[in-house]
Amino acid sequence: MIYSRIIGSGSYLPRNVVTNGDLARRMDTSDEWIRSRTGIRQRHIAEAGETSSSLALEASKAAIASAGIGARDIDLIILATSTPDYIFPSTACLLQAKLGIKGCPAFDLQAVCSGFVYALATADLFIRSGQHRCALVVGAEVFSRILDWNDRGTCVLFGDGAGAVILRADAKPGIMASALHADGSHAGVLSVPGNVRGGNVTGDPFLRMDGPAVFKFAVRVLDEVARETLAKCGRQVENIDWLIPHQANLRILEATAKRLDLPPEKLIVTVDTHGNTSAASVPLALDVALRDGRIKRGHHVMLQGVGGGFTWGAVLVEM
Ligand code: ACO
């Protein structure tokens, strides 16, 4: 049997840090409101010249270095983003060129905040099929570009960043199980309902959200999909060493851990310093906890996404 294993990770955040206090000086909000509702203290915001592919490049270089491979060893690139550099070519192709490699398939995957979990599950299946042996899987976002900075109900929640892993074929898992879902009937609850037509934006180019509806949906499906993924590989909640849900807000993370009967110490939290970085949030949190030594070889880590679509999913990984 061929399995896939994460052999390296990397992440990158723009240097520009925007605190809640900075936002409170620009709009009618407060550190107290943002912190008590979301747990967010600050976020990183891309400079004008930074794009999803440039953030992805830095995260990918760090992942390649930590895996101890060369860029030429990569034979598949899957990049999750909802904020691509262009309509086309894909950000994955732009990243491939920036990495100085050619020939391997490279494509973007659009599942909003579930994007990285979707991409990791997809790369795992490509590797298990025997078609590919070494995948670069990336989540990269510049959500600051699709925020309405006059809408205090949404713009305070998000940040920019990128995270990446190298997934390589192995005789042992690795990725133990995954589960992916979508329900497009909820499209209107969280969306950027705009498009480009004849050189103009049609519709609305900004992120719109029904916050309370997202909250309720996220907590329910994160609980369900964690249990479904565990059942697929015959594991129990007690086998989870670390839980990394999509970093939407602290209350969603804590409510998910509580529903799963997991102690809050098993949660990896980065939303406080990164904000919600959509498809980048899970690989960013994974990389932080690998580098600070909390996640060790042999640990079981439950990675979870939920986002616009709605989409949701989970991947159980043995590191
Ligand atoms: N600062 C101060 N006041 C604010 C702000 C702000 N930034 N934003 C909204 N308010 C006000 C509102 O105007 C409203 O005032 P009103 O009562 O006078 O009308 C009041 O605060 C309450 O607004 P609500 O939207 O009801 O606030 P709620 O307690 O529901 O919290 C929040 C909003 C934090 C968005 C919450 O619904 C939530 O956590 N939802 C989950 C959604 C989420 O995390 N989305 C992230 C993206 S989706 C994803 O990643 C899957």
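In this convention, every chain numbers its residues from 1, walking through the sequence in written order. Per-residue local features are limited, in this predicted model, to residues with pLDDT of at least 70; the limit for side-chain atom pairs, both in listing and counting, is 80 or more; totals at the level of whole chains, interfaces and linings are taken over all residues. Just so you know, side-chain values use all the structure's heavy atoms and leave hydrogens and water out.

Observations concerning the pairing of strand 1 (residues 3-12)
Piece 1. Counting buried positions over the ten residues of strand 1 gives seven, a clear majority of the element.
Piece 2. Here strand 1 pairs with strand 7 (residues 160-170) via nine bridges, running antiparallel. Looking at the pairing, Arg5 lines up with Arg168 of strand 7. Residue burial is assigned from relative accessible area. The probe radius is 1.4 Å, only protein chains are included, and a residue is buried under 20% of its type maximum, exposed over 50%, and partly exposed in between. Counting from the N terminus, the helices are DSSP H or I runs at least four residues long and the strands are E runs at least two residues long. Only when DSSP finds a minimum of two bridges between them are two strands counted as paired.

A few points about the layout of surface pockets
Piece 1. The method works on a 1 Å grid over the protein atoms by themselves. A cavity is a set of points holding a 1.4 Å probe that cannot get out, a pocket is an open set with protein on both sides within 12 Å along at least five of seven lines, and residues with an atom within 4 Å of a point line them. Grid points are joined across faces, edges and corners, and a volume is the space filled by probe spheres set on the points. Counted as a void, the largest pocket has a volume near 1,000 Å³.
Piece 2. If you go around the largest pocket, you meet 45 residues; those closest to its centre are Phe143, Ile146, Ser191, Val192 and Leu207.
Piece 3. Every element with two or more residues in the lining of the largest pocket is listed here: helix 2 (31-38), strand 9 (190-191), strand 10 (194-197), helix 7 (211-232), helix 8 (250-259) and strand 14 (300-307).
Piece 4. With six residues, helix 7 is the single largest residue contributor to the lining of the largest pocket.
Piece 5. Throughout this entry, Asp, Glu, Lys and Arg are counted as charged residues, while Ala, Val, Leu, Ile, Met, Phe, Trp, Tyr, Cys and Pro are counted as nonpolar. The remaining residues, Gly among them, count as polar. The residue inventory of the lining of the largest pocket, partitioned by class, reads 26 nonpolar, 14 polar and five charged.
Piece 6. The split into domains, and so the bounds of each, comes from an automatic or database assignment of domains. Domain assignment of the residues forming the lining of the largest pocket places at least three in each of domain 1 (3-171) and domain 2 (176-318).

Let's talk about the nonpolar core
Piece 1. Core analysis: the largest hydrophobic core is formed by 48 residues, its most contacted members being Val156, Leu243, Leu262, Met302, Val306, Phe310 and Trp312.
Piece 2. Here this core spans two domains, since at least three of its residues come from each of domain 1 (3-171) and domain 2 (176-318).
Piece 3. Residue contacts follow a heavy-atom distance rule, with two residues in contact if any of their heavy atoms lie within 4.5 Å. Contact partners of Leu262, with chain neighbours within four places excluded, come to Val237, Ile240, Leu243 and Ala257.
Piece 4. Definition used in this section: a nonpolar core is a set of buried Ala, Val, Leu, Ile, Met, Phe, Trp, Tyr and Cys residues joined via side-chain atoms within 4.5 Å. In this structure, Ala80, Ala123, Leu167 and Ile175 belong to the second largest nonpolar core, which totals 34 residues.

A closer look at helix 3 (residues 52-67)
Piece 1. Expected span, for any helix, means 1.5 Å times one less than how many residues it has. The first and last C-alpha atoms of helix 3 sit 22 Å apart over 16 residues, in line with the 22 Å expected at 1.5 Å per residue.
Piece 2. Residues of helix 3 that are buried: Ser52, Ser53, Leu55, Ala56, Leu57, Ala59, Ser60, Ala63, Ile64 and Ala67.
Piece 3. Of the residues flanking the end of helix 3, it is Gly68, one or two places downstream, whose phi is positive at about 70°.

What to know about helix 10 (residues 281-291)
Piece 1. The buried fraction of helix 10 is high, at eight of eleven residues.
Piece 2. Immediately beyond the C-terminal end of helix 10, within one or two residues, lies Gly293, with a positive phi of roughly 90°.

Overview of the side chain of Ser281
Piece 1. Within the fold, Ser281 resides in helix 10.
Piece 2. When its relative accessible area of 1% is taken as the criterion, Ser281 is described as buried.
Piece 3. N or O atoms closer than or at 3.5 Å make up a polar contact, with two conditions inside protein: a donor-capable atom paired with an acceptor-capable one, and, for residues adjacent in sequence, both atoms drawn from side chains. In this structure the side chain of Ser281 is engaged in a polar contact, spanning 2.8 Å, whose partner is the side chain of His246.

Section: unusual backbone geometry
Piece 1. In the segment running from Phe88 into Pro89, the intervening peptide bond is cis, with an omega of 0°.
Piece 2. Inspection of the secondary structure assignment puts Pro89 in the loop between strand 4 (76-80) and helix 4 (91-98).
Piece 3. Of the consecutive residues Pro173 and Gly174, the connecting peptide bond is found in the cis state with omega at 20°.
Piece 4. By the secondary structure assignment, Gly174 is in the loop between strand 7 and strand 8 (175-182).
Piece 5. For Asp261, which is not a glycine, the phi torsion comes out positive at approximately 60°.
Piece 6. Of note, Asp261 is situated in the loop between helix 8 and helix 9 (271-274).
Piece 7. Asp261 gets classed as exposed once you look at its relative accessible area, which sits at 68%.

Comments concerning the pattern of salt bridges
Piece 1. Salt bridges are counted wherever a side-chain nitrogen of Lys or Arg sits within 4 Å of a carboxyl oxygen of Asp or Glu. Inspection of the entire model under this criterion finds 15 salt bridges.
Piece 2. When the shortest N-O distance is used, the salt bridge between Arg25 and Asp22 registers 2.7 Å. Here Arg25 and its partner Asp22 are both found in helix 1 (residues 20-26), three residues apart, which amounts to about one turn of the helix.
Piece 3. On the basis of relative accessible area, Arg25 is assigned to the exposed category, the value being 65%.
Piece 4. For the salt bridge of Arg220 with Glu224, the shortest nitrogen-to-oxygen distance reads 3.3 Å. In this pair, Arg220 and Glu224 are both assigned in helix 7, four residues apart and thus about one turn of the helix distant.
Piece 5. Relative accessible area serves as the criterion here: at 36%, Arg220 is assigned to the partly exposed category.
Piece 6. A residue is classified by how much of its surface remains accessible, and Glu224, at 40% relative accessible area, is partly exposed.
Piece 7. One connected set of salt bridges, linked through shared partners, spans Asp148, Asp151, Asp204 and Arg208.

Side note on the site of the ligand
Piece 1. Taken together, 24 residues sit near the ligand, with Thr29, Arg152, His246, Asn249 and Asn276 positioned nearest.
Piece 2. Taking Pro212, its main chain carries an N or O atom lying 3.4 Å from an oxygen atom of the ligand.
Piece 3. Here an oxygen atom of the ligand sits 2.6 Å away from a polar atom, N or O, in the side chain of Asn249.
Piece 4. Secondary-structure elements contributing two or more residues to the shell around the ligand are helix 2, helix 6 (152-155), helix 7, helix 8 and strand 14.
Piece 5. Element by element, the count of residues in the shell around the ligand is highest for helix 7, at four residues.
Piece 6. When residues are assigned to domains, the shell around the ligand turns out to be shared by domain 1 (3-171) and domain 2 (176-318), each giving three or more. A molecule or strand has a residue near it when one of that residue's heavy atoms lies within 4 Å.

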